[in-house]
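# Working through the structure, step by step
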Amino acid sequence: MKLTLLNYNRPLFKVKVTDCNGVVEHFDSVILASNALQCTPQYVYLGLRTGRLIRGCKVEIEDEL
């Protein structure tokens, strides 16, 4: 039986979240953004990659650390 460890070597991003009213919030990581949006980090990465709205909010990469 072979155990596989998860790879946590994802790049760090600052995330900009814009809601439907135009209010913008900046987060230092995807995990903080996912906590604020009450979803999983994988869902935030999906929104960043595809441009899909997450809980009615647009997520964008602000800059790389």
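Throughout what follows, the structure given in this document is the object of discussion. (Residues numbered from 1 in each chain as written. Predicted model: local features only at pLDDT ≥ 70, side-chain atom pairs only at ≥ 80, totals over all residues. Heavy atoms only, no water.)

## Some remarks on the pairing of strand 2 (residues 24–27)
The line we're drawing: For two strands to be treated as a pair, DSSP must find no fewer than two bridges joining them. By definition, any uninterrupted DSSP run of H or I lasting at least four residues is a helix, any uninterrupted run of E lasting at least two residues is a strand, and each is numbered from the N terminus.
The pairing of strand 1 (residues 13–18) with strand 2 spans four bridges and is classified as antiparallel. Bridge assignment links valine 15 to a residue of strand 2, and that residue is phenylalanine 27. Two successive antiparallel strands, strand 1 and strand 2, enclose a turn made up of five residues, where glycine 22 displays a positive phi of approximately 90 degrees.

## A word on the nonpolar core
Operational definition: Grouping buried Ala, Val, Leu, Ile, Met, Phe, Trp, Tyr and Cys residues that are joined through side-chain atoms within 4.5 Å yields what is termed a nonpolar core. A 1.4 Å probe rolled over the protein chains alone gives each residue an accessible area, and that area as a share of the maximum for its type sets the label: buried under 20%, exposed over 50%, partly exposed in between. Residue contacts follow a heavy-atom distance rule, with two residues in contact if any of their heavy atoms lie within 4.5 Å.
In this structure, Val17, Leu37, Val44 and Val59 are the most contacted members of the largest nonpolar core, which totals 14 residues. The set of elements that each furnish at least two residues to this core consists of strand 1, helix 1 (30–37) and helix 2 (41–50). When residues no more than four places from it in sequence are discounted, the contact partners of valine 17 are Val23, Val24, Glu25, Phe27, Ala33, Leu37, Cys57, Lys58 and Val59.

## Structural notes on unusual backbone geometry
Even without a glycine there, the phi angle at glutamine 38 is positive, about 55 degrees. Looking at where glutamine 38 falls in the secondary structure, it is placed in the loop between helix 1 and helix 2. Positive phi values are uncommon outside glycine, yet arginine 55 reaches one of about 50 degrees. Note on placement: arginine 55 falls in the loop between helix 2 and strand 3 (58–64).

## Quick look at the pattern of salt bridges
To be explicit about the condition: The salt bridge criterion pairs a side-chain nitrogen of Lys or Arg with a carboxyl oxygen of Asp or Glu, the two atoms within 4 Å.
This model, assessed by the stated rule, comprises two salt bridges. The shortest N-O distance in the salt bridge between glutamate 60 and lysine 16 comes to 3.3 Å. With glutamate 60 in strand 3 and lysine 16 in strand 1, the pair connects residues that are 44 residues apart, well separated along the chain. Owing to a relative accessible area of 26%, glutamate 60 belongs among the partly exposed residues under this scheme. For lysine 16, a relative accessible area of 26% translates into the label partly exposed. The residue glutamate 60 makes a salt bridge to lysine 58 at a minimum N-O spacing of 3.4 Å. Exposure remark for lysine 58: the relative accessible area of 43% places this residue in the partly exposed category. A cluster of three or more residues bridged by salt bridges with shared partners is formed by Lys16, Lys58 and Glu60.

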